[in-house]
Amino acid sequence: MKRLATKQCTIADALSFTGIGVHNGQPSSLIIHPANPNSGYSICRKFDDGRLSEIFPLIHDRVARTYLCTAVDLGDAGTISMIEHVVSALSGLGIDNALLVVDGPECPVLDGSAAHYVDAIIEIGLAIQPAEKKFIKIKRSILVRSNDAFAALEPYNGRAFDVEIDFENDVIGRQRMIFDWTPAKYARDVSSARTFGFLRDAKILRQAGYALGSSLENSIAVDENKILNSGELRFEDEFVRHKLLDAVGDLALAGMPIYGKFRSYKGGHGLNALVLNGLFASEQNFEIVDASDLPLEFDALEDVPVGLNAQSYIRSVG
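Residues numbered from 1 in each chain as written. Predicted model: local features only at pLDDT ≥ 70, side-chain atom pairs only at ≥ 80, totals over all residues. Heavy atoms only, no water.

Draft legend 1. Examining the overall build of the protein chain more closely. Scanning the protein chain for helices and strands turns up 6 helices and 20 strands. In terms of C-alpha radius of gyration, the protein chain reaches 19 Å, essentially the compact-globule figure of 20 Å for 318 residues. In terms of its C-alpha atoms, the protein chain occupies a principal-axis envelope of roughly 50 × 45 × 40 Å. In the protein chain, buried positions account for 55% of the 318 residues. The contacts of the protein chain with a sequence gap of at least 6 include a subset with a gap of at least 24, amounting to 75%. When the accessible surface of the protein chain is split by element, carbon and sulfur atoms take 47% of a total near 14,100 Å². Of note, the protein chain has its 31 positive side-chain charges centred 3 Å away from the centre of its 42 negative side-chain charges. (Helix = DSSP H or I, 4+ residues; strand = E, 2+ residues; numbered from the N terminus. Rg over C-alpha atoms; globule rule 2.2 N^0.38 Å. Buried < 20%, exposed > 50% of the residue type's maximum accessible area, 1.4 Å probe, protein only. Contact = heavy atoms within 4.5 Å. Areas by Shrake-Rupley, 256 points an atom, 1.4 Å probe, with all protein chains shown as cover. Lys, Arg positive; Asp, Glu negative; His and termini not counted. Charge placed at Lys NZ, Arg CZ, Asp CG, Glu CD.)

Draft legend 2. Broad picture of the sheet that holds strand β20 (residues 310–311). Pairing within the open sheet is mixed, and its 3 strands lie in the order β1-β10-β20. In this open sheet, the two strands that pair with only one neighbour each are β1 (7–11) and β20. (Pairing = 2+ DSSP bridges.)

Draft legend 3. The environment of Ala-151, seen in detail. In this structure, Ala-151 sits in strand β13 (residues 149–154). Taking C-alpha positions, Ala-151 is 14 Å from Arg-176, a pair spaced 25 residues apart along the chain.

Draft legend 4. Spatial organisation of the confidence of the model for the protein chain. When the pLDDT values of the protein chain are averaged, the result is 94; 96% of them are 70 or greater. Predicted confidence is poor over residues 314–318, with pLDDT under 50, and the contacts of this stretch with residues over four places away or in other chains come to 11 contacts. (pLDDT = per-residue confidence, 0-100.)

Right, here's the structure in full:
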């Protein structure tokens, strides 16, 4: 295995995105900045007068709300929601360190997937850093339930996801995706899967202040027996692939990538957050390991998307 594959990385330069918030319907912008080794993911808010809030680590114990999306608490700066898609892109591509600067209470939804983030990162490239990649290795199984729905983390020699959904809807029905992660597979098979919602729920959600920016440009709209969007789905099972995309983002709030298997049935942001709480409830559940200590040095790290280039070591960023 190439030794560089086990080193931490960040993005080679800052990336900017603008759009609207899918829930508040307001203009929103996000800048992803490179970040120093061992800093992980962090986030801050940019106010209208240009001031920046305190920078907070983007980790599980900052999760403030999980209804329809994942929102994190920034203290006096309020909350920032819909962080899961951009964090999914970072984690899915194997990026270790990044700072997110958001100019409002919600990240832009873009096209409802992580594809725009992934495409931009592939174009700008990565910077390899002089620190070893670290993983949270699952040692004991953790299971959380809500009626018949569940989420679980289990020991496994790899980074795997087994996600199943089951809707009483003729369009979606029951779908399952088993996914052994590599950056290339994430970019190809997961990142472009879009978020979705049901037409029957639209009025209620909007009356409650949600989905105000939702449209056929950023969401798959599902009626009882048809899809309202023009054109075909990006994947036959795009719905479960988006749930997997969300899970990659939510689980990245562990603070490091998880070396183990995640399983979910009828899951979502709430159960994803709860399974992380269960993981960190006991130090007996996990250990922190270097990538070079994993079996075969975890060769999935070498499988990167075509066109994703990495610069040589850098001393510091930001």
